[in-house]
Amino acid sequence: MFETLNCYLVGGAVRDELLGRPVHDRDWVVVGSTVEEMLRLGFVQVGKDFPVFLHPITHEEYALARTERKQGVGHTGFVVDAHPSVTLRQDLKRRDLTVNAIAKSVDGILFDPYGGQQDLQAKCLRHVSAAFGEDPLRVFRVARFAAQLVGFRVAQSTLNIMSAMTEAGELESLSAQRVWVEFEKALAAPNPQEFIAILKRCGGLEPWLVELNDVPAKFSSGSSVDRFVQLQMPLQNIETLCNRLKCPGRFQQAATDYSAYAETVTRWREVDPQQLLDTLLALRVNHASARLEALARVVSSIRDVDVAEVLILAKEFGGLALASEPGMKGLQGKAFGQALRALQLQWLTTYLSR
Ligand code: ATP
Ligand code: MG
């Protein structure tokens, strides 16, 4: 019953297919239809600012072809027109980059009015039209694509618009959440350093990511959390950046653990046993080893040291039942704490002398 709909695959799915990259979600544009028809066909409306629907069976996103006109500041404030007379070409024109503005019909025919295939060939991220400047999120999207699409550069003309947007203070109107989404995608990408480099070139680290101005330009493999730690920011910067971006707690915890404990974990054989004990307890290895394991993994990715042995130590330490030693009997409160610590220290000292 959907044969009546004039649908095209668009955006990342077409781009990634042409690049031979895995396609993770498929977005469709529907030309010449109406909200009423979509609902009648069983699509479920999800967009509140513009007509986007989920397919009743595949749950893929279907949007009515639309034009957008800027009114007001920032990422929002668009006047949307999704009249059935809006053409595919008009819909593609509102998109950010030429490589994201290629459509494919269900018969496999490509519609590429803005030279997207040519830019894919040339590995160039280029804006579709001057309207690019109307949405500051695009500054972060472009930087993120530069991190994801290996070997791609940003067209100078596009960088010029991005610079004008940052200079005009447009980025301020974005929400922390939108910025974080792009930053996290860039951290998980093959080349996170490109994200930072592109933003630097257009002045886009202000006001959201100023702490990235002086971070190492090298990343090794790992999750987005690992990459966040690899920025090796000082404690103060981690806190400021995480508060500003409202990033999930596990990012702040992992980066803070590195900043505070990486040195001890790296040189655990040489440090004072008191300090080693404090670190093990701070990382709560007596309850669970996950935090130390995560830290050890990222320490080895940054410092190229072998951390297997400290994990063995932590495992043994975590398995101790010192509280039920005979000497602990009848002790309570402060006396209990002191006696336990003495036993832990004694155990650690013996372990280290082995
Ligand atoms: P991803 O691989 O992250 O899904 P994508 O290119 O598919 O990348 P989406 O956010 O899924 O990005 O958006 C789908 C398409 O919608 C984009 O390819 C682009 O054509 C258009 N688009 C999305 N966000 C914007 C934006 N802020 N400005 C202009 N066009 C946009
Ligand atoms: Mg997509």
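Just above, that's the structure.
As the structure is a computational prediction, the values presented were derived from the model and not from experiment.

Student: Honestly, the overall build of the protein in this entry has me stumped. Any pointers?
Tutor: Of regular secondary structure, the protein possesses 15 helices and 11 strands. Scaling as 2.2 N^0.38, a compact globule of 354 residues should have a C-alpha radius of gyration of about 20 Å, whereas the protein reaches 27 Å, well beyond that. Among the 354 residues that make up the protein, the fraction classed as buried is 44%. Considering only intrachain contacts with a sequence separation of at least 6, the fraction spanning at least 24 residues in the protein is 63%. Carbon and sulfur atoms make up 51% of the accessible area of the protein, which totals about 17600 Å². Charge-centre separation for the protein: the mean point of 39 positive side chains lies 1 Å from the mean point of 41 negative side chains.

Student: Can you help me understand the pattern of salt bridges in this one?
Tutor: Close approach of charged atoms allows side chains of opposite charge to pair. Within the structure shown, the criterion is met by 20 salt bridges. Residue D16 is joined to R21 by a salt bridge in which the shortest nitrogen-to-oxygen separation is 2.8 Å. The partly exposed category is assigned to R21, whose relative accessible area is 27%. Taken together, the shared-partner salt bridges in this structure form one network comprising E263, R267, E270 and R303.

Student: Where do I start with the site of ligand 1 in this structure?
Tutor: Taken together, 16 residues surround ligand 1, and among them R15, N100, D135, R138 and R144 come closest. In the environment of ligand 1, a nitrogen atom lies 2.9 Å from a nitrogen or oxygen atom belonging to the side chain of D135. Only α1 (12–19) and α5 (137–148) provide two or more residues apiece to the shell around ligand 1. Of all the elements, α5 adds the most residues to the shell around ligand 1, at four residues.

Procedures and definitions
Residues numbered from 1 in each chain as written. Chains lettered and ligands numbered in written order. Predicted model: local features only at pLDDT ≥ 70, side-chain atom pairs only at ≥ 80, totals over all residues. Heavy atoms only, no water. Helix = DSSP H or I, 4+ residues; strand = E, 2+ residues; numbered from the N terminus. Rg over C-alpha atoms; globule rule 2.2 N^0.38 Å. Buried < 20%, exposed > 50% of the residue type's maximum accessible area, 1.4 Å probe, protein only. Contact = heavy atoms within 4.5 Å. Areas by Shrake-Rupley, 256 points an atom, 1.4 Å probe, with all protein chains shown as cover. Lys, Arg positive; Asp, Glu negative; His and termini not counted. Charge placed at Lys NZ, Arg CZ, Asp CG, Glu CD. Salt bridge = Lys/Arg side-chain N within 4 Å of Asp/Glu carboxyl O. Near = heavy atom within 4 Å. Polar contact = N/O pair within 3.5 Å; in protein donor to acceptor, adjacent residues only side chain to side chain.

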